[in-house]
Amino acid sequence: EAQVTQNPRYLITVTGKKLTVTCSQNMNHEYMSWYRQDPGLGLRQIYYSMNVEVTDKGDVPEGYKVSRKEKRNFPLILESPSPNQTSLYFCASSLMAGPWEQYFGPGTRLTVT
Amino acid sequence: EDQVTQSPEALRLQEGESSSLNCSYTVSGLRGLFWYRQDPGKGPEFLFTLYSAGEEKEKERLKATLTKKESFLHITAPKPEDSATYLCAVPLGAGSYQLTFGKGTKLSVIP
């Protein structure tokens, strides 16, 4: 089944404890992206990747890191999480070399205390 | 300055009562406008891409249209299962692969 998977789905952590949220797609998609969704602010793009080893900043990249060492995986790294990074995170991918017709993952709900 | 503005924020319709959702945009050199549907607690699901003014796309009870300044998502004879938040998004200016979303319209269809 064609899909975007994220792990974990739910995570509660403490300020400053490094964490990684994994994202994987099995569709050989070129473009991958991370978003966060907050009430009243909507979906905002954090980082995106056009292909392996090619990443770029979105609207809200501060406090996040990404890497794209393999085409199928695009992990999101929070080196020192803070409470303002509490949010619902979505990974997405697109067959095209751009944000067209994206498939979204099921989301990761992160709480930082 | 918001590049994408959706209205209304929320809309309640009786089953069968047709209406339209609006998405206005200010990016120059539009390279595509996307509509997504999002159910509570789930990731957005792609609906349509529109590329140029005058273009229309249809899927079941939904029809998306595009002008030079805005897009409409028309919902004809909606059913309760059409209840969701509808999001529109556009890539930023020429050469950018960054995507910006509107804040969405939450549609509730009452039986």
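The structure contained in this document is the topic of the report that follows. (Residues numbered from 1 in each chain as written. Chains lettered and ligands numbered in written order. Predicted model: local features only at pLDDT ≥ 70, side-chain atom pairs only at ≥ 80, totals over all residues. Heavy atoms only, no water.)

This part covers the sheet that holds strand β8 (residues 70-75) of chain B. Residues and elements named next belong to chain B. One open sheet holds the five strands; their spatial order is β1-β3-β8-β7-β6, and the pairing between them is antiparallel. Lying at the two open borders of the sheet, with one neighbouring strand each, are β1 (4-7) and β6 (56-59). Averaged over neighbouring strand pairs, the angle between their axes works out to 15 degrees when direction is ignored. Pairing analysis gives four bridges linking β6 to strand β7 (residues 62-66), with the strands arranged antiparallel. (Pairing = 2+ DSSP bridges. Helix = DSSP H or I, 4+ residues; strand = E, 2+ residues; numbered from the N terminus. Axes fitted to C-alpha atoms, helices over the stretch in contact; angles between N-to-C directions.)

Taken as a whole, the largest pocket holds about 920 Å³ of empty space. In terms of lining, the largest pocket is formed by 37 residues, of which the most central are Asp38, Leu41 and Gly42 of chain A together with Lys103 and Gly104 of chain B. Where the lining of the largest pocket is concerned, the elements lending two or more residues are β4 (31-38), β5 (42-51) and β9 (87-94) of chain A together with β1, β9 (84-91), β10 (99-101) and β11 (105-110) of chain B. Among the elements that make up the lining of the largest pocket, the one with the highest residue count is β11 of chain B (four residues). When the residues that make up the lining of the largest pocket are grouped by side-chain class, the tally is eleven nonpolar, 16 polar and ten charged. Empty space within the second largest pocket amounts to approximately 210 Å³. When contributions to the lining of the second largest pocket are tallied by element, the ones reaching two or more residues are β10 (103-104) of chain A together with β4 (33-38) and β5 (45-50) of chain B. (1 Å grid on protein atoms, 1.4 Å probe; cavity = no way out; pocket = protein on both sides within 12 Å on 5 of 7 lines; lining within 4 Å. Points joined across faces, edges and corners; volume = space filled by probe spheres on them. Nonpolar A, V, L, I, M, F, W, Y, C, P; charged D, E, K, R; others polar.)

Our next topic: the sheet that holds strand β1 (residues 4-7) of chain A. To summarise the sheet geometry, strands pair through backbone hydrogen bonds and adopt either a parallel or an antiparallel arrangement. Residues and elements named next belong to chain A. With respect to topology, four strands assemble into an open sheet ordered β1-β3-β8-β7, the strand pairing being antiparallel. A single partner strand is all that each edge strand has here, and the edge strands are β1 and β7 (65-66). As paired strands, strand β3 (residues 19-25) and strand β8 (residues 76-78) are joined by three bridges and run antiparallel to one another. Note that in β8 the partner of Val21 across the bridge is Leu76.

The next thing to look at is unusual backbone geometry. The amide bond that connects Asn7 of chain A to the next residue, Pro8 of chain A, takes the cis arrangement and shows omega of -5 degrees. Along the chain, Ser7 of chain B connects to Pro8 of chain B via a cis peptide bond; the corresponding omega equals -10 degrees. Although it is not a glycine, Asn28 of chain A adopts a positive phi angle of roughly 60 degrees. For Asn28 of chain A, the location among the structural elements is in the loop between β3 and β4. The phi torsion at Glu53 of chain A lies on the positive side, around 65 degrees, for a residue other than glycine. Following the sequence through the fold, Glu53 of chain A ends up in the loop between β5 and β6 (54-57).

Tallying each qualifying case throughout the model produces two disulfides over all chains. The residue that forms a disulfide with Cys23 of chain A is Cys91 of chain A, at a sulfur-sulfur distance of 1.8 Å. Between Cys23 of chain A and Cys91 of chain A the disulfide shows an S-S torsion of about -70 degrees. By sign, it is left-handed. Here Cys91 of chain A lies in strand β9 and Cys23 of chain A lies in strand β3, a separation of 68 residues in the sequence. For the residue pair Cys23 of chain A and Cys91 of chain A, the accessibility class agrees, reading buried in each case. Linked covalently through their sulfurs, Cys23 of chain B and Cys88 of chain B form a disulfide whose S-S length is 1.9 Å. Judged by the torsion about the S-S bond (80 degrees), the Cys23 of chain B/Cys88 of chain B disulfide is right-handed. (Disulfide = S-S within 2.5 Å. Buried < 20%, exposed > 50% of the residue type's maximum accessible area, 1.4 Å probe, protein only.)

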